[in-house]
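Report on the structure
If you want the building blocks of each chain, they are given just below.
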Amino acid sequence: LLAVAACAITLYNPLIPAHDGSFQFSFAAFSALLFLTPLFTAHLLPRLNWAPELLRNHFLETLAATIGTLPVSYWKSGSISPLGLLVNPLVLWLVPVVTLGGALLMILGNLPLVGVVLGFLLVLPARFILRTITIFS
């Protein structure tokens, strides 16, 4: 399905794969998640028993995505930061919270008081994500 999506995007705009950095990063990261995470889970997960399960999983996913995007990262920026391996597991668990909360806010945001309360609750995890990334960047 990943190849089909890439082909469809290329048919829509043939310049995207060669010139769009966000496409290149996304494709590389998702490919690495798809192919490397099962490998890491089988071989590295048993060695990380000392860490909480949620942190282990996020670390392995971050490691896979980081390895997959190393060539693109170096090509686009000329450098590679290993700090992402430490920072991503700190904030990754909040991404589904903010994403699902944002979807709920879009649906229920027009209801009196619901939108205000939900929006306020979403500000907290979103600020934590942004501040953590800003501090370590």
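Our subject is the structure that appears above.
Treat the numbers as computed from the prediction; the structure is a model and nothing was measured.

1. Side note on the overall build of the chain
From N to C terminus, the chain includes 7 helices and 0 strands. Along its sequence from the N terminus, the chain presents helices and strands in the succession α-α-α-α-α-α-α. For a compact globule of 137 residues, the expected C-alpha radius of gyration is about 14 Å, and the chain comes in at 18 Å, more than 25% above that figure. Taken over the C-alpha atoms alone, the chain extends approximately 45 × 45 × 30 Å along its principal axes. Looking at the chain as a whole, 26% of its 137 residues qualify as buried. Restricting to contacts in the chain with at least 6 residues of sequence separation, those with at least 24 account for 60%. Total accessible area on the chain is roughly 9,500 Å²; 76% of this is exposed by carbon and sulfur atoms.

2. Regarding the environment of Thr66
Summarising the element assignment, Thr66 is placed in helix α4 (residues 53–77). In this structure the C-alpha to C-alpha distance between Thr66 and Ala28, which are 38 residues apart in sequence, comes to 9.2 Å. There is a polar contact of 2.7 Å between the side chain of Thr66 and the backbone oxygen of Thr62.

3. Let's talk about the nonpolar core
Membership of the largest hydrophobic core is limited to 5 residues, which are Phe40, Leu48, Leu60, Leu63 and Ala64. Counting residues per element, this core draws most heavily on α4, at 3 residues. Once residues lying within four places of it in the same chain are set aside, the contact partners of Leu63 are Phe40, Leu44 and Leu85.

4. Some remarks on the packing of aromatic side chains
Evaluation of the coordinates by the stated rule reveals 1 aromatic pair. Taking 5.9 Å as the distance between ring centres and 20 degrees as the angle between the ring planes, the aromatic pair formed by Phe23 and Phe27 counts as stacked. You can see Phe23 and its partner Phe27 sitting in helix α3 (residues 21–43), 4 residues apart, about one turn around the helix. Under the relative-accessibility criterion, Phe27 is labelled partly exposed at 33%.

5. A short note on the packing of helix α5 (residues 84–91) against helix α7 (residues 114–136)
Two numbers describe how α5 lies on α7: the axes approach to 10 Å, and their chain directions differ by 170 degrees. Between α5 and α7, the interaxial angle falls into the category roughly antiparallel. In this structure, α5 uses Val87, Leu90 and Val91 to contact α7, whose residues at the interface are Phe128, Ile129, Thr132 and Phe136. In terms of residue class, the contact of α5 with α7 is made up of 6 nonpolar, 1 polar and no charged.

Cut-offs applied
Residues numbered from 1 in each chain as written. Predicted model: local features only at pLDDT ≥ 70, side-chain atom pairs only at ≥ 80, totals over all residues. Heavy atoms only, no water. Helix = DSSP H or I, 4+ residues; strand = E, 2+ residues; numbered from the N terminus. Rg over C-alpha atoms; globule rule 2.2 N^0.38 Å. Buried < 20%, exposed > 50% of the residue type's maximum accessible area, 1.4 Å probe, protein only. Contact = heavy atoms within 4.5 Å. Areas by Shrake-Rupley, 256 points an atom, 1.4 Å probe, with all protein chains shown as cover. Polar contact = N/O pair within 3.5 Å; in protein donor to acceptor, adjacent residues only side chain to side chain. Core = buried A, V, L, I, M, F, W, Y, C linked by side-chain atoms within 4.5 Å. Phe/Tyr/Trp six-rings, centres within 6.5 Å; stacked < 30°, edge-to-face > 60°. Axes fitted to C-alpha atoms, helices over the stretch in contact; angles between N-to-C directions. Parallel < 35°, antiparallel > 145°, perpendicular 65-115°, else oblique. Nonpolar A, V, L, I, M, F, W, Y, C, P; charged D, E, K, R; others polar.

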